[in-house]
Structures are given as C-alpha cells and as structure tokens.
Amino acid sequence: MMRIRMMWSLLVSMIVCAGTAQAAPFAYIPVSAFNGVGGALVKVDTATGTIAGTLSLGLSSQPAGVAFDPSGATAYVTDLASGSIAVIDTASLSVSSN
C-alpha cells in the first residue's frame, strides 16, 4: 500500500512539475513512465475537459516538456530518459520523427 501511495505521489508531482502546454483549444500533458506503464502525451480538450487522445511514447520514456511551432501543428516533446526530442503532429497525435 505504501508503495502504491509513493507511486501516485511521484506521478502527481511529475505532472505538476511538468505542467501543461497549450495549442488552443487543447492542453498537452506529458506523463512519465512508471511501474511498467509507458510514458505518454495526453491531449485534453479544454472546452469540455475531456481527454481527446493519448500518444504512447514508450515503456521507458520520461517526457518532461512540450513546446509548439507558431501554428500549433507540431509539438516538440523532450524525453529525459533518452535525451531526445519527439516531433509530434498535433492533428493526428502521432510521432513524425525523433
């Protein structure tokens, strides 16, 4: 039970520290891998408050930050585990390159 509490606490702190990034009308939240669940980028519709999509970034990924090109069509997600940057097409929520 203590381990589960610690994992949830760690997850919440990662989300709070990582924050969110917006390319209106969506918010993008990087979620790091933990306890066998891979890292992901979660797309939230800010008008409805619902999850519009989730992109898996890999079992050992630790996405930490999100930035956008001026049009909002492309997101750049840093991965602390690999030291790489994933280039994401925000319309299709797919990785276009690493």
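Keep in mind it's a predicted model, so treat the numbers as computed, not measured.

Visitor: Mind laying out the pairing of strand S7 (residues 84-89), listing which residues take part and the relevant values?
Guide: Pairing geometry for strand S6 (residues 74-79) and S7, over six bridges, is antiparallel. If you follow Val 77 over to S7, its bridge partner there is Ala 86. The hairpin formed by S6 and S7 contains four residues between the paired strands, and Gly 83 there has a positive phi angle of roughly 75°. For S7 and strand S8 (residues 94-97), the ladder comprises three bridges, and the chain directions are antiparallel. Considered in S8, the bridge of Val 87 is made with Ser 97.

Visitor: Outline the nonpolar core, listing residues and values.
Guide: Counting residues in each nonpolar core, the largest one holds nine residues, listed as Tyr 28, Leu 41, Leu 55, Val 66, Ala 75, Val 77, Ala 86, Ile 88 and Leu 93. Sorting the residues of this core by element identifies S6 and S7 as the ones contributing at least two each. When sequence neighbours within four positions are dropped, the list of residues in contact with Leu 41 reads Tyr 28, Ile 29, Pro 30, Gly 53, Thr 54, Leu 55, Leu 57, Val 66, Val 77, Ile 88 and Leu 93. Listed in part, the five residues of the second largest apolar core include Ala 27, Val 31, Val 42 and Val 44.

Visitor: An account of the sheet that holds S8 is requested, with residue identities and associated values reported.
Guide: An order of S5-S6-S7-S8 is seen for the four strands of this open sheet, with the pairing classed as antiparallel. With partners counted over all chains shown, the strands left at the sheet margins are strand S5 (63-68) and S8, one partner each. Averaged over neighbouring strand pairs, the angle between their axes works out to 35° when direction is ignored.

Cut-offs and rules
- Position numbers for residues start from 1 in each chain and track the written sequence from start to end.
- Where local features are concerned, this predicted model is filtered to residues with pLDDT of at least 70; where side-chain atom pairs are given and counted, the filter is 80 or more; whole-chain, interface and lining totals use all residues.
- Side-chain measures were taken over the full set of non-hydrogen atoms in the model, leaving aside hydrogen atoms and water.
- Two strands qualify as a pair provided DSSP detects at least 2 bridges between them.
- Counting from the N terminus, the helices are DSSP H or I runs at least four residues long and the strands are E runs at least two residues long.
- Side-chain atoms within 4.5 Å link the members of a nonpolar core, which is a set of buried Ala, Val, Leu, Ile, Met, Phe, Trp, Tyr and Cys residues.
- With a 1.4 Å probe rolled over the protein chains alone, any residue whose accessible area is under 20% of its type maximum counts as buried; one over 50% counts as exposed, and the rest are partly exposed.
- Whether two residues are in contact is decided by their heavy atoms, any of which lying within 4.5 Å being enough.
- The angle between two axes is taken between their N-to-C directions and runs from 0 to 180 degrees, where each axis is a line fitted to C-alpha atoms and a helix contributes only its stretch in contact.

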